[in-house]
Structure formats: structure tokens, C-alpha cells
Amino acid sequence: MSHGTYNRLWSEVQVTLDDATRIDVDQQSAKPTKDKKLAHYIVSDLYVKYVTAVNRLDQCYDQIVQPQKRMLIRKLLDTSIGRFLELKHELVNLELSEFCYCDNALTEQKILPMEAEVKVPTYYKREREEELQKRKKFMDDVLKKLGFFEQEDVGIVMTEYQAIRLIQTHERARQGRLRSQFMKEIRLLKEKKIEPSTADKEGEGGRQAAMKIQKIWRGYITRRKIRKRVIDEMLLIGMLPPISQSLEETKRAEEVKELRRKQQIEYQNEFEKALVEEKDAIRKHKGGQMTEDIRDEVRNWFMSYKNQTGKFPDFPSEEAGGSALIFSRTVTESEISKSTAPSSKESKGKEKKGKKGSKDKDDAKKKKSEEDEDPGFKMGPSNFLADLMVASTEYEEVWRFKDESNNPAQKHYVNMIQAQKTLEIEAELRKIVDDQLRVELELLQAALDRDRAKKGKKSKKGAKKKKGRRSGKKGKKKKEKDLTPDRTLESLFEELITNGIIKKYPETPLSAFKGETSYAAYDLRLQGKDPQPALGDIRQVILEYCILPLGSKLVHQSAPLVRSVLVVGPRGSGKDMLVHAVCTEAGAVLFDLTAANIVGKYPGKSGLIMLVHLVSKVSRLLQPSVIYMDGAEKPFLKKVPKTDKTDPKRLKKDLPKLLKSISLDDQVLMLGVSHCPWECDQKSLTQAYQKIIMIPKPDYASLNFIWTELLFQYSGISRQFDIGALTKLSDGYTLGTILNVVKEVMTCKRVLQLRIQPLTHAEIINVLSRYEPIYKEEEEAFMQFYSKTPIGRRKARALEIEAEKQQMSKDQQVKKKK
């Protein structure tokens, strides 16, 4: 697509953002509402708008090449992600569930559910590609030294000419075999010496043969046309999956995107070079004049203030803004003085009115006390809304109506750089001039004191300044003791890799966790039921709680803090896949604190202290980081089995301390997984992990989607293959089981035989029957555990209150009828 296409896309996104921020600002000042349905509608509407804005802004940021535009789009993107996460937590508090459904907003905005699923921003990994490659190479080098490096299978590397020669050789051999078989058949016919029949002599045999050939050919092409029409009809009504684009078209589109990304790097380098050059030029040609203007401006203020008050003013400190604060402060003071004039009259009028309407006030107080019992829903304050509005205002003022006809290549604008650097140089020069004028002001004040014989005034001012300095030190926190002050990051990193604490993980995109979202959950909730989430909902929640905050420093610093997440589910449900997906999408370092992994490492109490210190220190230095624990329930076991030699309770005391040390500035996440979380002290487990996500067994829609995606990637499988029957037969099996079954069935040999020997259901069922499904008892155990979690108890309590209210209303209706 062209530059104009992405510019139009940006303008469309800005319309959505303007609408969302307008509603958002109104809700910030709105009164609390007790109507939960109305509150859910408002928040879900904003939620969907920010989701669509995030996805489109990510596309713009990935493909727009103009560097100054990309800076603003990045601000809009980060603030939109942060506000979207804040609204997610608002929805969780409203619905008392980690899974939120916004079908009402989707219907009103005419958006498909697939479009309302937020995607991982491309810049999370693309802008850190060099760093990730260096880290990966360092880990490979360390593993090679230790002898644990597993060499990846690499195909035969050959040039294009060699590949063509190899294809030609095999094709000539194939044609030679066919020719040999054909000549063999001719030779056999000659040896039989078949005598021509009498019909051939009369010419009738040839005519009949031709008619037979025509009949067979016409029947074949007719059947082929009918088959094509049936397939086209099925595609039109959506009964068959759409035919994907050709590989050439997809490859060409990716090449164009990659060309634009390379152009971004080129333009960014030119822009950074221009920043330095323009700043030097402005300092050289305008620096002297700017210095004189600032000095004259402040001196005039000195003299005008002295003429009005008879004394020299207090010069603002550097922390307060220096001389830049002078004129803004005079404006505010004048405005305040004007506003205080009528204030006394208004207060007197209010006092008179208060005497007359004392009874009204008493009634109002009673009403307020009643409302305080159940204040209702009120939108919480946002850390991102103000920045988002500032960025939107910048777009309106600078980019919306900007004429770019003179810049078809979309390079940087020099005039904008000059304006920006002029302000920067002015600020730098102002600091220098302020230091000089402070000395000058002290001399003038001393001369004035001598003239008026007012001594000691200067010392009092100095004492006041010292008090201000002392107050700034109170907010400082005590630094933790560093047990490894003389060690470099590389040596600590190598030590943790050597001991197997930092592990290499397989590159797994989040899309590998396949599954559909729940399309019936919204209606079920309206009916008062508590529906089970689908696999697509799990994928979305992992993205919202783990990947989006972890991948961006700005978002993590201001968004609601999630220190730890626990993923529970049956064996093979995809828990480890989700851990690897979080690390892959965020470009994070994986620290494995599983009990079986740390057994025998860093022994003793001092060794444990060193282990926790190293993990805490290195995880902060190599942000973003994921601290992973398989069997998250084991540190909180009430009784350790005698057969367990891994000392699972070793981290019981240190794990909560490690989690509490994670702050907003630390892009660190504790990610635990468990397949039997009910075997431990559940209170301690739920206190350690803020968010608990349970993976249920796949529903019909998810199973159908998984089988379709996995099987139809092979072109030899007929599109008429009955996926619905296979979905019914595989009910209760996990995602991992289905992946293993497809790997076992679709071997290389079987894929080559598909056109001759079509795939049957029996082949899949025979392999599937070797695996264990999720039984009802295990499913009920997970449901019982989840009902005892904090959010599960809050949900149960809310349902009880709702049931009591309904019962009371029914009783009142019955009394009225009597």
C-alpha cells in the first residue's frame, strides 16, 4: 500500500480515538450509577473502541515511514494500550470474572469478534531484534562450551543454479521411467501379434473407438465443471473454508512490508543526523542573540518588580523551572487575585442562603448517607487519558490538515526540527543565564540592603532554601544490599545459564495456541448463568495480563500492576505453550525456578539467598523477564510426599518476598503453571498469585477450528472431509493431544500418499484412542478449586446477593397481591 493509504488509515483511527476520549472524559466526571448493565455497556463500548484503535495504530506504526509521524503514533499506541488495559480491569471488577464479553458493543459498532481481539504490537520484538539475536548467540556459545547445545537441523544449502540442476535431473529420470514403461507395453503388444478384426477392415472399429473416447472425455469434463460449481457455491455461502492466497502473492506482500521497514531505518538515521546538525546550527547562529534576549527579559522583570514593591523578587529555583516560571507565575497570580474579589461576596451570599435552607441541607445529608452504602459504579481515574488527549491534540494541530504535496517521499520536515531544537537550546541557555542572574540578583539585593540598613534578610532566605532541599530526601527508599557488586552482567548471565536457571525456550507465537472465542457466553450471562471460557478467551487474557504490559516499559510503569499469574489446567492443555508464547512475543528471558530444576543447586541457606538475589538482580537488568515455576502448588504443600526428593518447599518463604519486590519499573512477571492446584494450601497459593487463569477442556467450536487448521494445511486432504464428525468423536481431548495425534498420523510418507489414498477418520481415531481424555471428575475438581479463589468467591457472593434481592422482590409482590 502507498503512503496515502496509511495516512488515511491513521486519520480514521484518530476519529475513533477522539470519540473514545470524549466519552471517556465525560465518564470520569459522571456521577456513580447503580445500573450494572448500563455500566457494562459504557465500559465495553470504550473497550472495543480502544481495541480497534490499538490494532490499526500498530499497522500504521509498522508501515508509515515518516519519522516524525512515527514518534506521535508510538505515543498514541502506547497510551491506547495502557488505557485499554485499565478498562480491562474495570470490566473484571464489574463482571467479577477474568473473561469479559462485549457482544453488545460489537453489534452496535458492526465489528466481527475476530477484529475485537487485540494483537501483539509488531514493535515489541522488531525494535529489539539486534539485542535478542546477541542474547541468543551468547546463550548458544555458553551451551556449546558446556556441551549441551542442540544443533538445529538445517537443510542442504545450495545455490539457485544447483537447485535447478537437481530438479532437471529428477524430472528427466521420471520421464525416462515413463518412456521405458510405455515402450515395454508396445513391445508386448507386438509380441502378441493381435490380428485385426473384420470390423477394423470396414472402418467401423475406429469410429466406435473414437465415440467411446469422446463419451468418456465429455463425461469427465462435465463432472469436473459440476464439481467446480459445487465448490464455488459452498465457498460463496461459507460452507467451506476460503481458498488462501497464493504463496507468490503472500510473499510479494511481505517483501513490500519489509522494504518499507528498511526505508524506516534509513529515514530514521537521516532524521537523527538532522537533529544534531540543526541544533549545532541554531546554537552557532542564534545562541548569542537568545542569551541576550533572556538576560534583558529577566532584568526588566527585576526592575519592574522593584518599582512596584520596593524590593527585588525571589528568583525561582532550578527545580521549580527557573526564569521560565516567572511569566507563567505572574499570570496565575493575577488571575487568582481577580478571582478572589467576588469570592467574599459569594461566600456571604452562601451564608445567608444557608440559614434559610438548613432543612434542605439535612435532607441532602440523609440522602448522601444512603448513597454511601451502595455508591454504584464510578469510572476510575486514568494514568493514560491525559497523555492520549495531548497526543490527539498534536495530531489535530500539526498533521490533520498538513499539506504534504511537496514531500512525496515522506522524509522529515526541517522546520519542525528547527522549532523543536530552538526550544531545547533556549532551555539550555536559560539555565546558564539563570545561574549568572542569581549572582547578579544577590549583588543587587546586597546593595539594596546596605542602602536600607536591612541586614540578615539574606541569611533567612538561605535557611528557607536549605529546608526545601532537605524535604526532597525524605521520599528516597533504602537500596537493597547487592551481594555481587564486583560481578559483570555477562558473568552473572553465564553463571545462571550454566546452572540451568536461565533456559532457552522454543520460539512459539501466541497464535499457535489455537481456539475460538465463546460466542454464547454473553447471552448466558444475561440469563444469570456463569459460562465456561473458550480457548480463544484464554489466549486473549494471557495477552492482556502478560504480554502487553511486559513488552512495553511505558505501559508497564503506568498500567495496573500484575506481578504474578497462575495458569492451571489438565495435562496437555497448553500451559507450557502459553509460557513459551509469552516469552517469545515479549522477547523475555526465562528463569526456571521449578523445584526439580533447582534441586542440588545453590545448597544451604546462604545458597538460597544467593539464588534469589541473582534471579532478582539479573531479571531486572535483562528486562523483560519471566520467572517460571512448573508445579506452582509445590512450595505450598501441607505435607510433602516421601517419594518427592526435590525439596519443593524450599522457596516457600522467599517466593512472596521476591514477588513483593517487583515494582512498576520492573518488567518482570512471575508465571506459574499447575495441573493439580488443590493439593496445597490454597490460601497461600492465591495470596502469591494475583491472577489465576483456568484452561477448560475445548468446546465444540474450538475443537472444530483446531482440526480444520491442522488438517487443511495439507493440500492433499479433500475439502469435503467431515470435520464435524471428527470434532464430536474427539470431545474431551486437550489441545496437546490433538497436536500429537496429527503429528503421528500425518507423517511425510502419509502426506505423499494423500492423493492416491485419501485420509480416513479411522486412521485418526485409532491413534486418538491411545490417549486419555479429560474425565468428569478431573473437570469438577478444577471447577471446585476455581470457586475457592478470591474472584470465584466474590462471584459466588454477588450471585447470592442477586438471588436474595430477586426473592425479596417476589415476596413483596406476593404481599401486595394479598
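Residues numbered from 1 in each chain as written. Predicted model: local features only at pLDDT ≥ 70, side-chain atom pairs only at ≥ 80, totals over all residues. Heavy atoms only, no water.

## Description of the overall build of the protein chain
Note the cut-off: The secondary structure listing takes helices from DSSP runs of H or I that are at least 4 residues long and strands from runs of E that are at least 2 residues long, numbered from the N terminus. Partly exposed residues are those whose accessible area sits between 20% and 50% of the maximum for their type, while under 20% is buried and over 50% is exposed, using a 1.4 Å probe and protein chains only. Every residue pair with non-hydrogen atoms within 4.5 Å of one another is taken to be in contact. Residue burial considers only the protein chains on display, and all accessible areas are found by Shrake-Rupley using a 1.4 Å probe.
Assigned secondary structure in the protein chain consists of 31 helices and 6 strands. In the protein chain, which comprises 818 residues, the proportion classed as buried is 39%. Relative to all contacts within the protein chain whose residues are 6 or more apart in sequence, the contacts with residues 24 or more apart total 83%. Carbon and sulfur atoms make up 54% of the accessible area of the protein chain, which totals about 50,600 Å².

## Looking at the environment of L768
Within the element layout of this structure, L768 appears in helix α29 (residues 761–768). Put simply, L768 and S730 are 38 residues apart on the chain and 7.8 Å apart in space, counted from C-alpha to C-alpha. Leave out the neighbours within four places in its chain, and L768 touches L729, S730, Y733, T737 and V741.

## With respect to the pairing of strand β4 (residues 625–630)
The cut-off we apply is this: Criterion used throughout: strands pair if DSSP finds at least two bridges between them.
Of all 6 residues making up β4, 5 are buried, and the element is well covered by its neighbours. Of the strand pairs in this sheet, strand β3 (residues 589–592) and β4 are connected by 4 bridges, and their pairing is parallel. For V589, the partnering residue across the bridge sits in β4 and is S625. Here 6 bridges tie β4 to strand β5 (residues 668–674), and the two strands are oriented parallel to one another.

## So, the nonpolar core
Rule in force here: Residues belong to a common nonpolar core when they are buried Ala, Val, Leu, Ile, Met, Phe, Trp, Tyr or Cys residues joined through side-chain atoms within 4.5 Å.
Core analysis: the biggest nonpolar cluster contains 156 residues, and W10 and L711 have the highest contact counts within it. Of all hydrophobic cores here, the second largest spans 15 residues; its members include M290, W301, L441 and L448.

## Comments concerning the pairing of strand β2 (residues 564–568)
Burial within β2 is extensive, with 5 of its 5 residues counted as buried. Of the two faces of β2, the one lined by S564, L566 and V568 and the one lined by V565 and V567 are each fully buried. Where β2 and β5 come together, 5 bridges link them in parallel fashion. Bridge pairing links S564 to M670 in β5.

## Examining the packing of aromatic side chains
Here is the rule we go by: Stacked, edge-to-face and tilted are the three classes for Phe, Tyr and Trp ring pairs, Trp counted by its six-membered ring, which pair at centre distances within 6.5 Å; planes under 30 degrees apart are stacked, over 60 edge-to-face, the rest tilted.
According to the stated counting rule, one finds 11 aromatic pairs in the structure shown. Between W301 and F302, the ring centres sit 5.7 Å apart and the planes meet at 45 degrees, which makes this aromatic pair tilted. Each member of the pair, W301 together with F302, is buried. Each ring, one from W399 and one from Y413, has its centre 5.9 Å from the other, and the planes form 55 degrees; the classification is tilted. Pair noted here: W399 is in helix α13 (residues 385–399) and Y413 is in the loop between α13 and α14 (414–452), with a separation of 14 residues, a long-range link.

## Some remarks on the pattern of salt bridges
Threshold: Salt bridges, as used here, are contacts in which a Lys or Arg side-chain nitrogen is within 4 Å of a carboxyl oxygen on Asp or Glu.
Scanning all chains against the criterion turns up 41 salt bridges. Residue D592 is joined to K503 by a salt bridge in which the shortest nitrogen-to-oxygen separation is 3.2 Å. Taken together, the positions of D592 in strand β3 and K503 in strand β1 (residues 502–503) put the pair 89 residues apart, joining distant regions of the chain. Given the relative accessible area of 6%, D592 is considered buried. With a relative accessible area of 34%, K503 lands in the partly exposed category. Via salt bridges that share partners, K279, D280, R283, K421, E424 and E428 belong to a single interconnected network.

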